[in-house]
Amino acid sequence: MAKIHVNTTINGAPTEFLCDANQTLLDVLRDSLGLTGSKEGCGSGDCGACSVMVDGRLVCSCLVLAVETQGAKIDTIEGMAGGDTLHPLQKKFIELAALQCGICTPGFLVASKALLEKNPNPTETEVRYWLAGNLCRCTGYDKIVTAVLEAAAEMREGAR
Amino acid sequence: MSSQGKYKWIGTRPDRPDGADKVTGRARFGADFSLPGQLVGKVLRSPHPHALIKSIDTSKARALPGVKAVITAEDFPEQANLIVPAGEMQVNLRDVTRNIMAREKALFEGHPVAAVAATSEAVAKQALALIKVDYKVLPHVIDVADAMKPNAPVLHDHLLTEGANPPATKPSNIAKRIEFAKGDAKAAFAKAEVVIEKSYTTQPVHQGYIEPHAALASATEDGQVQLWTTTQGHFQVRGFCSRLLDIETSQIRVTATEIGGGFGGKTVVYLEPLAIKLSQKAGKPVKMTMTREEVFRATGPAPGADMTVKLGATRDGRIVAASIRIDMQAGAFPGSPVGPAAMCSFACYDLDNVHIVGFDVVSNRPKVAAYRAPGAPISAWAVESTMDLLAQKLDMDPVDLRLKNAAKKGTKTAYGVTFGEIGMVQTLEAVKNSAHYRSAVKPGHGRGVSAGFWFNVGADSSAAAHVGEDGSVTVISGNPDIGGSRASLALMAAEELGIDYDKVRCIIADTASIGFNFVTGGSRVTFATGLAVVNSVRDMIREMKVRAAKIWGVDPDAVTWENGMAKPAGSNVGEFEPLTIAQIAAQAGKTGGPINGHAQLNVTGAGPGFGVHLVDLKVDSDTGQVTITRYTAAQDVGTAIHPSYVEGQLQGGAVQGIGWALNEEYIYSAGGKLQNPGFLDYRMPVASDLPMIETILVEVPNPTHPYGVRGVGEVPIVPPTAAIGNAIARATGVRMTDLPMSPPRLSEALDTAPARMAAE
Amino acid sequence: MSDIQYHAPKTIKEAVKLLAASKGKGRILAGGTDLLVQMKSGAAAPGIIIDVKKIPEMIGVSEKKGAFTIGAATPAAALGEHKKLRKAWPGVVEAVNLIGSTQVQGRASAGGNLCNASPAADSVPALVSAGCVVNIAGPKGKRSVPVEKFNAGPGKTTLKPGEIVVSLTLPARPKKASDAYLRLIPRTEMDIAVVGVGVSLTMKGDTVADARVGLGAVAPTVLLVEKAAKALVGSKLDEAALDAAAAACSAACKPIDDKRGTIKYRTKIAGVLLKRAALIARDRVNGIEHRGHR
């Protein structure tokens, strides 16, 4: 079968690509579109390193077929910073050392942003359960959770 | 004691230089590199845990359109029986070449037997399916105890137990016997007032780095090779590939990409030699990545072990004798970390009579690789659990028992080293005085304490520093940054120079652009590479003082360096305005040319580290589930150069230990096949499993380093398993001896406890 | 280039036609959280992928006279956001919301979870205890079947060639009724259930007027444990009644030893979870919600 032509919107920009029916969104982002910020840690939806937003829903891009995104709105880590200003979550992650090797960081940032959009004032437990699908092997999660809580507080402050 | 207030930059928490890249997805890890025209490389792996390879027919694969190269062991030269360092472990090159590509035998399920490079992943997969391997399946053996039995299937016909007494005459799976002794343990046990003996087991666990292995190789017609790989030691990779492929080291240029976790597991090679060879044969770049399943099936985990510990003490808690026997798994080839496991066993304590025996045992599983303090967490599980039994028997506070026997300056270990300035006592006291320890144990909870030790390493580092025309400084080193070390190196450089942290740029060079560096591992980078950076900056300062002297027309000895500026040493030298780096740099051409500094050293004097962990938990007695409610990790960290990243090491290591304690293990079928090669059933801790991990940084500076640095990264994984086992024992009255303490196991132990306690 | 075809039909009729024509090589794609994993591991190799998410009847929740009809391909996260459904069937919703991670929740569906037919599927014990009815469309027309009769064994459903699960209907509920789903996993999240129990209760005062119990991960399919329900009916959920119901659950188990649990452990836990789930369901009837995840 010939490659399928897909029109989508990625990080606000109209984007088109060609793909096979069995290629995942993660494959296409990384290999066809040069958006290597989303990572493959497991390929089976167990680590969250490939987290992106599709039509406002947090998903693992390794479990979405690229062809499904026809007409969809995709947001990846590459679109999180606003121009040359980092998002408060990104700033807090750096400030509070919420990353060591950094491989899981894009996934955590996308997932955390999705949480705060849904619930701007989460408890520590709510943060931990929301992020249970994002594996980190370096930090023990402590500073990640703190960074998310502090970014949430800052964003609530800014929204007032 | 803390270093706060002592330094201007060291001990502060600035942003790491690679921070923006890492939070935006711009940082490029192993699989993020590509070259035009690159091929996809894939590995064919043995489905059998033990089999003779009678023949491999690659003809159909080679004929498939899109396939550009196929390799087997025939493409790699035979290697001599030569031991070389691989990170903190030692490996035999003859085994390494077989580990990356099977020769006579497939020795574990997942063992590479061939590899292909093709124009797409789909074609590569098809090609693998066309390779015909004629296996003669042999009986296999997985567990240590089984592998040591006299009638066990033997993996290597030539393997005679090294160190056996009397010498071994028949091949077996026992590669080595080691022994350490101090004093006379046998006699001391006979006189001890209290003796406790118990046996323990641990299972292999994987380092669990979230980034799978990846390599991109480009071999060109002129015989040169470029390699991008995610590794903890690109010089190590260069060295291995040079030997394995018979290429001069200067012909191989290795760039370490950003690395998504290693913990010791990326100090060895798997894909790199294959990618290079495929690229040589195909005449095109070849990119190879492992799937998560391949990572589990075929890369080195930490070993499991069977152990027996015996402690003898006086009734008031003085340990008079200690012994341990460790039977440790090496995987398919010899070389488990039974040596470090043995040496670390009792290193936390000042003991006169010690006897340690260890065995290195092969079996049909992937060859083990280093995992954060290799071996130490395993013997610590056994020793620290037994310490707790002793504390219970003596009705003594477990921290006090350890204080009474703690190693201190002047303590001589069983393996022969005498400690200098160490912080075991201070760390124990910090725990004793902690808010956690002083809080009451909540109802239904148990509290556990455990200690841990790691030597830390020095070894080779090279560094360079140079000044830009505008006075900004670049520091170059050669260690992949696994946890934020660029920030620590920049802090030390800034402190040494007396300039702002933001004026120092820290980069990591490839193997062609800086001198040799040992791996990022062994908790050595902040210490040894830090020292090299400091020395290279001092070299540069010396040169800048010479330039200032020239500018002023005075003797170089008359110039001092203060707050980032050259100054006259005294008013008698002359009335000269201080010169900033920028001002000196502006005149560099006139005063002698570019201003560079460099240093290279093989560092000794790495300060050993001690950690003490405290955990409160509760056990659901119906289900065997454990909930950790409070965790404190205390450690002597020398000087915390960047405290946030030091805390991060303690927290990360503690959580790996928690996973090791509660749920992580390899599950094999009766047929020797791995059942859980993925993150679904290889259960690492997730965020909701844990509380915040409190840290206590005790600073006992290491006198051999200008800033008192002591390695910190590995110690934190050593105490957690026993801390948790001890807490479970205190909470339930049941002493677990086998890891992991997963709910079904704990539930079984709780249900059979009354019967077991009656039987004991 | 690959040989796999992808279609996104807009009607059930079209989807059924495609599936029937695929002669066994077609697979339905809802959230993809099982299908894509299986394709990657080689366990599934479809020739045609039929994406049903553009079919209106298969996405969304509707209510009619107290009965809820859930589109089979509705993402779990959407079910969690449906206030009325959550109020009426907290057990069903919490069960569906336990499948995988937050990311998986953004895609996984109750229909997909049911059709994947894992004995340990999280949604199914709660659907069984709810008395859910599965609405199917096929080449021969429509039919409905009680959910406890829908699966045939591990990975096997009773769907005939060309048939698709369109929606799941939860019956109208009497007033004083609620449900709960509990599972045992080694960690706190991200694991496949070692045992899963769904309990639905209708109360009359503090006496159980009606009960249904679904038990998962302990047999080739999810079980409707009528003996356990019987033991609860007429009781005040006292110790004796709970013990009897727990014993009935343990007796109904036909589990295996595998990498997630032993026979002995599963049998025991079936009883433990039954007791806990029953009490949670009863408390929910009385407006008491248990906070805390363990």
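See above for the structure.
Residues numbered from 1 in each chain as written. Chains lettered and ligands numbered in written order. Predicted model: local features only at pLDDT ≥ 70, side-chain atom pairs only at ≥ 80, totals over all residues. Heavy atoms only, no water.

K.L.:
Mind showing me how you'd approach the overall build of chain C here?
P.N.:
Along the backbone of chain C there are 11 helices and 14 strands. Taken over the C-alpha trace, chain C has a radius of gyration of 19 Å; the compact-globule value for 294 residues is 19 Å, and the two agree within 12%. Seen through its C-alpha atoms, chain C measures out along the principal axes to roughly 60 × 45 × 35 Å. Surface summary for chain C: the accessible area is close to 12300 Å², and the carbon and sulfur share equals 57%. Taking the average location of the 44 positive side-chain charges in chain C and that of its 24 negative ones, the two points are 4 Å from each other. (Helix = DSSP H or I, 4+ residues; strand = E, 2+ residues; numbered from the N terminus. Rg over C-alpha atoms; globule rule 2.2 N^0.38 Å. Areas by Shrake-Rupley, 256 points an atom, 1.4 Å probe, with all protein chains shown as cover. Lys, Arg positive; Asp, Glu negative; His and termini not counted. Charge placed at Lys NZ, Arg CZ, Asp CG, Glu CD.)

K.L.:
What is the right way to read empty space enclosed by the protein from this model?
P.N.:
Where empty space is left can be seen by rolling a probe of water-molecule size over the atoms. All names here are of chain B. Per the stated rule, a full pass over the model turns up 10 cavities of 30 Å³ or more. When its volume is computed, the largest cavity comes out at roughly 600 Å³. Lining of the largest cavity is provided by 38 residues; of these, Ile-482, Thr-520, Ser-523, Gln-649 and Gly-713 occupy positions nearest its centre. Broken down by element, the lining of the largest cavity gets its largest block of residues, 3 residues, from helix 19 (residues 643–662). Across the lining of the largest cavity, the residue classes break down as 13 nonpolar, 20 polar and 5 charged. For the second largest cavity, the calculated volume is near 160 Å³. (1 Å grid on protein atoms, 1.4 Å probe; cavity = no way out; pocket = protein on both sides within 12 Å on 5 of 7 lines; lining within 4 Å. Points joined across faces, edges and corners; volume = space filled by probe spheres on them. Nonpolar A, V, L, I, M, F, W, Y, C, P; charged D, E, K, R; others polar.)

K.L.:
It is not clear to me how the interface of chain A and chain B should be interpreted in this structure. Could you clarify?
P.N.:
The partner chain B presents 50 residues to the 41 residues of chain A that form the contact. With both chains or domains summed, chain A and chain B bury close to 3700 Å², and 59% of this area falls on carbon and sulfur atoms. Looking only at chain A, the three residues that lose the most surface to chain B are Ile-94, Gln-100 and Arg-137 of chain A, adding up to 22% of its buried area. If you look at where chain A meets chain B, you find 4 salt bridges. Across the pair Lys-39 of chain A and Asp-32 of chain B runs a salt bridge whose closest N-O atoms are separated by 2.6 Å. Elements with a contribution of two residues or more to the side of chain A that touches chain B: helix 2 (88–95), helix 3 (105–118), helix 4 (124–130) and helix 5 (142–159) of chain A. (Contact = heavy atoms within 4.5 Å. Buried area = accessible area lost by both parts, 1.4 Å probe. Salt bridge = Lys/Arg side-chain N within 4 Å of Asp/Glu carboxyl O.)

K.L.:
Teacher, can you tell me more about the pattern of salt bridges here?
P.N.:
Here the idea is simple: oppositely charged side chains can pair when their charged atoms come close. Residue and element names in this part refer to chain B. Enumeration over the complete set of coordinates arrives at 73 salt bridges over all chains. Salt-bridge contacts for Arg-542 lead to Glu-543; the nearest nitrogen and oxygen are separated by 3.6 Å. You can call Arg-542 partly exposed: its relative accessible area is 42%. By relative accessible area, which is 17% here, Glu-543 ends up buried. Overlapping salt bridges bring together Arg-16, Asp-18, Lys-22, Glu-258, Asp-481 and Arg-486 as one network. (Buried < 20%, exposed > 50% of the residue type's maximum accessible area, 1.4 Å probe, protein only.)

K.L.:
Got a minute to help me understand the sheet that holds strand 23 (residues 565–568) of chain B in this structure?
P.N.:
Sheets are built from strands that pair by backbone hydrogen bonding, the pairs being arranged parallel or antiparallel. Residue and element names in this part refer to chain B. An order of 22-23-24 is seen for the 3 strands of this open sheet, with the pairing classed as antiparallel. Here the strands that pair on one side only, and so sit at the sheet edges, are strand 22 (559–562) and strand 24 (579–580). Across 2 bridges, the pairing between strand 23 and strand 24 is antiparallel. From the neighbouring strand, Met-565 faces strand 24, where its bridge partner is Thr-580. Across the sheet, helix 16 (residues 525–552) is in contact with strand 22, strand 23 and strand 24; its angle to strand 22 comes to roughly 125°. (Pairing = 2+ DSSP bridges. Axes fitted to C-alpha atoms, helices over the stretch in contact; angles between N-to-C directions.)

K.L.:
It is not clear to me how the nonpolar core should be interpreted in this structure. Could you clarify?
P.N.:
For soluble globular proteins, nonpolar side chains are generally found buried alongside one another. Formed by 194 residues in total, the largest nonpolar core has its most connected members in Phe-93 of chain A together with Ile-724 of chain B. Ranked by residues supplied to this core, first place goes to helix 11 (residues 376–394) of chain B with 11 residues. Excluding anything up to four places from it in sequence, Phe-93 of chain A contacts Ala-98, Leu-99, Thr-105, Phe-108, Leu-109, Ser-112, Ile-144, Ala-147 and Val-148 of chain A together with Val-23 of chain B. Formed by 71 residues, the second largest nonpolar core is a distinct cluster that contains Ile-4 of chain A together with Ile-12, Leu-79 and Val-222 of chain C. (Core = buried A, V, L, I, M, F, W, Y, C linked by side-chain atoms within 4.5 Å.)

K.L.:
Sorry, what's going on with the interface of chain A and chain C here?
P.N.:
One widely used convention gives an interface's size as the accessible area the parts lose upon coming together. Counting residues at the interface gives 33 residues for chain A, matched by 31 residues for chain C. A buried area of about 2600 Å², summed over both sides, lies between chain A and chain C, and 60% of it is on carbon and sulfur atoms. Here chain A and chain C share 5 salt bridges between them. A salt bridge links Arg-107 of chain C to Glu-68 of chain A, with the shortest nitrogen-to-oxygen separation between them at 2.8 Å. Run the count over chain A and chain C and you get 8 residue pairs in polar contact (both at pLDDT 80 or more). For the side of chain A that touches chain C, the secondary structure elements donating two or more residues are strand 4 (57–60), helix 3 and helix 4 of chain A. With 4 residues, strand 4 of chain A is the largest single contributor of residues to the side of chain A that touches chain C. Looking at side-chain class alone, the side of chain A that touches chain C contains 16 nonpolar, 10 polar and 7 charged residues. (Polar contact = N/O pair within 3.5 Å; in protein donor to acceptor, adjacent residues only side chain to side chain.)

K.L.:
Would you explain the packing of aromatic side chains in this entry?
P.N.:
Aromatic ring pairs are described here by two measures, namely the spacing of the ring centres and the angle between the planes. Residue and element names in this part refer to chain B. Evaluation of the coordinates by the stated rule reveals 18 aromatic pairs over all chains. Judged by centre distance (5.4 Å) and plane angle (80°), the ring pair of Tyr-7 and Tyr-707 falls under edge-to-face. Here the residue Tyr-7 occupies a position in the segment before helix 1 (19–24), and Tyr-707 occupies one in the loop between strand 28 (693–698) and helix 20 (720–732), the gap between them amounting to 700 residues. Judged by centre distance (5.3 Å) and plane angle (5°), the rings of Tyr-371 and Trp-660 are stacked. Here Tyr-371, found in the loop between strand 17 (354–362) and helix 11, pairs with Trp-660, found in helix 19; they are 289 residues apart in sequence, far enough to count as distant. Like Tyr-371, the residue Trp-660 is buried in the burial classification. Grouping aromatic residues by their ring pairs yields a cluster made of Tyr-415, Phe-419, Phe-453, Trp-454, Phe-455 and Phe-610. Over the aromatic face of Phe-33 sits the side chain of Arg-28, whose NZ or CZ is 4.2 Å from the ring centroid. (Phe/Tyr/Trp six-rings, centres within 6.5 Å; stacked < 30°, edge-to-face > 60°. Lys NZ or Arg CZ within 6 Å of the ring centre and 35° of its normal.)

K.L.:
Hey, could you run me through the pairing of strand 27 (residues 626–636) of chain B in this one?
P.N.:
Each regular strand shows side chains that alternate between the opposite faces of the sheet. Residue and element names in this part refer to chain B. Within strand 27, 8 of the 11 residues are buried, which leaves the element mostly enclosed by the surrounding structure. Here strand 26 (residues 609–619) runs beside strand 27; their pairing, made up of 9 bridges, is antiparallel. Bridging across to strand 27, Leu-617 finds its partner in Ile-628. The hairpin turn running from strand 26 into strand 27, its antiparallel successor, is 6 residues long, and Gly-624 in that turn takes a positive phi close to 75°. Relative to strand 28, strand 27 runs parallel, the two sharing 6 bridges.

K.L.:
Could you clarify how one ought to interpret the packing of helix 19 of chain B against helix 20 of chain B in this entry?
P.N.:
Each pair of packed helices can be summarised by the angle the axes make with each other and by the distance between the axes. Residues and elements named next belong to chain B. The N-to-C vectors of helix 19 and helix 20 enclose an angle of 55°; their axes lie 7 Å apart at closest approach. Our classification of the angle between helix 19 and helix 20 gives oblique. Taken as a pair, helix 19 and helix 20 cross one another with a handedness that is right-handed. The segment helix 19 lies against helix 20, with Gly-653, Ala-654, Gly-657, Ile-658, Trp-660, Ala-661 and Leu-662 engaging Pro-720, Thr-721 and Ile-724. (Parallel < 35°, antiparallel > 145°, perpendicular 65-115°, else oblique. Left-handed = near helix turned anticlockwise from the far one by under 90°.)

K.L.:
How should helix 8 (residues 123–130) of chain C be read in this particular structure?
P.N.:
The periodicity of an α-helix, 3.6 residues per turn, causes residues three or four places apart in sequence to face the same way. Burial runs high along helix 8 of chain C: 8 of the 8 residues are buried. Along helix 8 of chain C, the residues classified as buried are Ser-123, Val-124, Pro-125, Ala-126, Leu-127, Val-128, Ser-129 and Ala-130 of chain C.

K.L.:
Explain helix 15 (residues 485–497) of chain B to me, please; I cannot follow it from the model alone.
P.N.:
For helix 15 of chain B, with 13 residues, the first-to-last C-alpha span of 18 Å sits near the 18 Å given by 1.5 Å per residue. Here helix 15 of chain B lies mainly inside the structure; 13 of its 13 residues are buried. (Expected span 1.5 Å × (residues − 1).)

K.L.:
I keep staring at the side chain of Arg-547 of chain B and nothing clicks. Help me out?
P.N.:
Residues and elements named next belong to chain B. Tracing the sequence through the fold places Arg-547 in helix 16. At 2.6 Å, the side chain of Arg-547 and the side chain of Glu-543 are in polar contact. Once you skip the residues sitting within four places of it in the chain, Arg-547 turns out to touch Ile-584, Ala-588, Thr-591, Gly-592, Gly-593, Pro-594 and Ile-595.

K.L.:
Please explain the sheet that holds strand 12 (residues 195–204) of chain C as it appears in this structure.
P.N.:
Residue and element names in this part refer to chain C. Here 4 strands make up an open sheet; going across it, the order is 11-12-13-14 and the pairing antiparallel. Each edge of the sheet is formed by a strand with only one pairing partner; in this case those strands are strand 11 (177–184) and strand 14 (223–224). Relative to strand 13 (residues 207–216), strand 12 is paired through 9 bridges, and the arrangement is antiparallel. In the sheet register, Gly-198 faces strand 13, and the bridge partner there is Gly-214.

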